[in-house]
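Geometric and topological summary
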Amino acid sequence: MSELKVDEIQKRLLAEVADLHEIPVGAFNIRSNGGSIGRVSTANIEITSKEDVSGIDVRIKPGTKRESVHIPVVMTVSGLTEIVYNDFYIGEDSDVTIVAGCGIDNCGPKDSEHDGIHRFFVGKGARVKYVEKHYGSGDGKGKRILNPGTEVYMEEDSYMEMDMVQIKGVDDTNRTSVAELAKGAKLVVRERLMTHGEQNAVSIYNVTLNGEGSSADVVSRSVARDDSYQKFDAKIIGNAPCSGHTECDSIIMDNGRILAVPGLEANNVDAELFHEAAIGKIAGDQLIKLMTLGLTEAEAEEQIVNGFLK
Amino acid sequence: MLELKNITFDVNDEDGAKEIIKDVSLTIPDNKMIVVTGPNGGGKSTLARIIAGIEKPTSGRIYFNGEDITDMSITDRAKSGIGFAFQQPVKFKGIRVVDLIRLAKGSELSVADACTYLSEVGLCAREYIDREVNSSLSGGELKRIEIATILAKASKLSIFDEPEAGIDLWSFQNLIQVFESMRDNIHDSSIMIISHQERILNIADEIVVIRNGVLAAQGPKDEILPTLLHTESAVDGYCFKQQGKAARAAAAAN
Ligand SMILES: Nc1ncnc2c1ncn2[C@@H]1O[C@H](COP(=O)(O)OP(=O)(O)O)[C@@H](O)[C@H]1O
Ligand SMILES: [Mg+2]
């Protein structure tokens, strides 16, 4: 981070949410406390500010291969609330990685909130890997709040993989993800979530399979500890010969609570949809096995949870 | 050295109180391989779980190298040198074979070193080291990984509960070699294997027979093994053989 003006806390947040330890290669936009503090476009990837609202447009030229875009957001000022609209236009037959993520450090008394509204227009035959990490730190009374909204529009034979991770420190999150898939498109979602303390996390997916041969695989693994609460609400709608799968696999600890609401709607006789949901505490025999290897109960729990969320 | 003194274990279920282990006293001396055998449901696994601290005996005391460990936790027993390969290996989500071997070893371990334990139990280390210890592995594979972790733990007392279960004939040859070499390299430690296999009974220093929760016999292999093979149904393989013979004899008579 030699050329960017970031302090130690911002540096730590950037490392947490985007694995950034130095200026990223490829295109990037780093947003800090309500404004862009560094931006680079490349020959194939153009990043421009929106005129009407706050946010950026990211345009990826057709055929762009093996390039990446990093768009991390960090907030270190207590009491800041922002809504940001980011649109991604991913050209036909391109193959790119997009790393987003938001880290909030709130040591102050007021709530800090970042609501990122992301829209993805995935062109024909394009492949996208999207990674989004949420992280909160700081011990102020003010909450760290993230309400991401994601819309994904997938054209024929496109492929998108979404890795959504929220392991620590976000007090309140309400995530809504909507996707529409055309013929032959494929969406893979891997969500990993851990809540603790008094945290609250709601995750809603609404995936519509409109095209023949389209498919979606939405899998969430989560751990709710202390007095936290989670709701996982995943719905897949099949309007064509297609296949869809949702899975919610959760561990509850302490007084944690989880509500899983899997939903399937088949509007075509050749739509094949299924869901799985399992919630339970850590299996006793897993704890015992690790204890017979010399781990304490707490160490065994930590190993099991870490493995589960890996 | 492990000493069990007058161990009993009672449970309460729908049918009322049941005595699973009845006044068992047993010594597992240093530098010895003891094989425990006896009919299914006799209480062998329960006894192993009591030694590992997973079950608490209803009465009796357990001494490990002179120290009373009856009230010691599972963790502390593991740390003081008791290793236990389960009859039914436990599955995890996201924990890899290499993680489990490292946890068992209790120290930083290079991937190459972790691999040697897998090779010992006849698994191609490169193929398994990064696999998750979950239901994508077969029963026999899980069983061999379980044995590898106990080899890595290198305990003062290593207990193996039916290590042969679910293991195919080819791997079984290899397993016998693993135990033979453990037996040959035993040093200030002891091994307890629960088994029905004649070939494992054959490499024992001593054989213990547990039947209906009672210690029915204990002695040097040469003394006990012949009595099992000729008068007992303690060895399952033998038992099935006899049933098979009886069935064939009955069929021939008709
Ligand atoms: N906690 C328990 N509650 C009820 N029954 C038990 C318990 N533990 C063991 N048993 C019973 O004790 C008997 C001995 O079991 P086990 O030790 O597994 O035998 P073995 O290993 O010799 O086949 C079985 O009938 C089993 O069902
Ligand atoms: Mg048993």
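1. Notes on the coordination of the magnesium ion (ligand 2)
Residues and elements named next belong to chain B. The protein atoms that coordinate the magnesium ion (ligand 2) are Ser45 (OG) and Gln87 (OE1), at distances spanning 2.0 to 2.2 Å. Separated by 42 residues along the polypeptide, Ser45 in helix H1 (residues 44-52) and Gln87 in the loop between strand S6 (82-85) and helix H3 (97-105) bring together distant segments of the chain. Residue classification places Ser45 among the partly exposed positions, given a relative accessible area of 22%. Gln87 sits in the partly exposed class, given a relative accessible area of 31%.

2. Describing the side chain of Glu3(B)
Summarising the element assignment, Glu3(B) is placed in strand S1 (residues 2-13). In this structure, Glu3(B) is in contact with Leu26(B), Thr27(B), Arg61(B), Ile62(B) and Tyr63(B), ignoring residues within four places of it in sequence.

3. Examining empty space enclosed by the protein
Residue and element names in this part refer to chain A. Across all of its chains, the model carries five cavities of 30 Å³ or more by this definition. Of the pockets and cavities examined, the largest cavity occupies roughly 120 Å³. In terms of lining residues, the largest cavity is bounded by 14 residues, among which Cys102, His114, His118, Glu132 and His134 are the most central. Mapped by element, the contributors of at least two residues to the lining of the largest cavity are strand S8 (95-105), strand S9 (112-122) and strand S10 (127-137). Class assignment of the residues belonging to the lining of the largest cavity gives a composition of six nonpolar, seven polar and one charged. There is about 70 Å³ of room inside the second largest cavity. Around the second largest cavity, the lining residues are Met164, Val165, Gln166, Thr173, Arg175, Glu191, Arg192, Leu193, Ala201, Val202 and Ser203. Put simply, the parts of the chain that give the lining of the second largest cavity at least two residues each are strand S13 (159-168), strand S14 (172-181), strand S15 (186-195) and strand S16 (200-209). Split by residue class, the lining of the second largest cavity holds five nonpolar, three polar and three charged. Residues from two domains meet in the lining of the second largest cavity; each of domain 1 (1-170) and domain 2 (173-282) gives at least three.

What counts and what doesn't
Residues numbered from 1 in each chain as written. Chains lettered and ligands numbered in written order. Predicted model: local features only at pLDDT ≥ 70, side-chain atom pairs only at ≥ 80, totals over all residues. Heavy atoms only, no water. Donors = N, O, S within 2.8 Å, 3.2 Å for Na, K, Ca; no water. Helix = DSSP H or I, 4+ residues; strand = E, 2+ residues; numbered from the N terminus. Buried < 20%, exposed > 50% of the residue type's maximum accessible area, 1.4 Å probe, protein only. Contact = heavy atoms within 4.5 Å. 1 Å grid on protein atoms, 1.4 Å probe; cavity = no way out; pocket = protein on both sides within 12 Å on 5 of 7 lines; lining within 4 Å. Points joined across faces, edges and corners; volume = space filled by probe spheres on them. Nonpolar A, V, L, I, M, F, W, Y, C, P; charged D, E, K, R; others polar. Domains from an automatic or database assignment.

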